[in-house]
Amino acid sequence: MESISIPAAAAVTASVSVVIWVATRLFDWIKDWRATRRENRNYIRALYAEIDFNTYDMELFQSQSASIKAVVDKVRSTQGFIPHITDARHTDIYRSDVSKITYVNNDLTGQLVCFYGFLEKLKTQIDGIHLKSFTLISADGREATIREIFKTVGECATFGRTILGVMELEYSALNLRRTQRNSPQTSTSAAGLEQRYQQFRSNLDRVRTAHQNSPLSHPTR
């Protein structure tokens, strides 16, 4: 039996080394890909839960607050009256690492920015009614401020429900579902998801227009 020559043995050793190196790199790549995929999914779940919470908060305001007419009448008749409205929004997930917004698809990115922009707008409006100057402006000015708050709450709730419905469709493998609470508007019907999705598409131009008018599109100079 002929023995393997030294050059041939060296070639075999080199080939084995290359195979081992490629296999190691492939293993590392697969491991990193799985870790990124897991991080992506966890972020989507957490973002969905945060939007769900904020949307529910808006829905709760709409369902449990006094009617806008009652509030406006009180504000107009009593100059020193300040409605008890609190800001309980949560933005930790969204703000923790804005670069992760790329984990969501392109259609949702603008809507997410718009949704959180409306939350920021609402915070500014609520802060405004607690300023001393609020009680000093005209009755018309106070009424306009209150009406604007109710309008922004409605916009937040609408955007939130739309985004949640689209996320449930786009990421169906994650089985995203709203937390069941007492509000009659929190459940998402599976039969209505496709209709909501089509509505989302048809209203995309309107949403983009609203996004352009959001505070994040017009930073304070």
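About the criteria used
- Residues numbered from 1 in each chain as written.
- Predicted model: local features only at pLDDT ≥ 70, side-chain atom pairs only at ≥ 80, totals over all residues.
- Heavy atoms only, no water.
- Salt bridge = Lys/Arg side-chain N within 4 Å of Asp/Glu carboxyl O.
- Helix = DSSP H or I, 4+ residues; strand = E, 2+ residues; numbered from the N terminus.
- Buried < 20%, exposed > 50% of the residue type's maximum accessible area, 1.4 Å probe, protein only.
- Polar contact = N/O pair within 3.5 Å; in protein donor to acceptor, adjacent residues only side chain to side chain.
- pLDDT = per-residue confidence, 0-100.
- Contact = heavy atoms within 4.5 Å.
- Axes fitted to C-alpha atoms, helices over the stretch in contact; angles between N-to-C directions.
- Parallel < 35°, antiparallel > 145°, perpendicular 65-115°, else oblique.
- Left-handed = near helix turned anticlockwise from the far one by under 90°.

Asks: Tell me about the pattern of salt bridges, and name the residues and values.
Replies: Applying the stated criterion to the full structure yields 12 salt bridges. Measuring nitrogen to oxygen at the nearest pair gives 2.9 Å for the salt bridge that ties Asp140 to Arg76. Of this pair, Asp140 sits in helix α5 (residues 139–170) while Arg76 is found in helix α2 (residues 68–77), placing the two residues 64 residues apart along the sequence. Here Glu148 and Lys121 are joined by a salt bridge, their closest N and O atoms 3.6 Å apart. Placement of the pair is Glu148 in helix α5 and Lys121 in helix α4 (residues 106–129), with a sequence separation of 27 residues. Overall, the relative accessible area of 23% leaves Lys121 in the partly exposed class. Taken together, the shared-partner salt bridges connect Asp52, Glu59, Arg161 and Arg178 into one network.

Asks: Lay out the side chain of Glu59 in plain terms, naming residues and giving numbers.
Replies: In this structure, Glu59 sits in helix α1 (residues 6–64). Separated by 3.2 Å, the side chains of Glu59 and Arg178 make a polar contact.

Asks: Describe the environment of Ala144, with residues and values.
Replies: Examined against the element boundaries, Ala144 turns out to sit in helix α5. Along the primary structure Ala144 and Val72 are separated by 72 residues, whereas in three dimensions their C-alpha atoms are 8.8 Å apart.

Asks: Before we move on, could you go through the confidence of the model for the protein chain and cite the residues and values that matter?
Replies: If pLDDT is low for a region, its predicted coordinates should not be looked at in detail. Looking at the protein chain as a whole, the pLDDT averages 76, with 64% of positions reaching at least 70. Averaged pLDDT values for the elements of the protein chain fall to 49 in helix α7 (residues 204–212) and rise to 93 in α5. Here residues 186–191 scores under 50 on pLDDT; set against residues more than four positions off or in separate chains, the count is 10 contacts. Of the regions scoring below 50 in pLDDT, residues 214–221 engages in 9 contacts with residues more than four places distant in sequence or in other chains.

Asks: Could you give me a rundown of the packing of α2 against α5, with the residues and numbers involved?
Replies: As a packed pair, α2 and α5 sit with axes 9 Å apart at the nearest point and diverge in direction by 155°. If you check the angle between α2 and α5, you find them roughly antiparallel. When the axes of α2 and α5 are compared, the crossing they make is right-handed. In this structure, α2 contributes Ile68, Val71, Val72, Val75 and Arg76 to the contact, and α5 contributes Ala139, Asp140, Arg142, Glu143, Ile146, Arg147 and Phe150.

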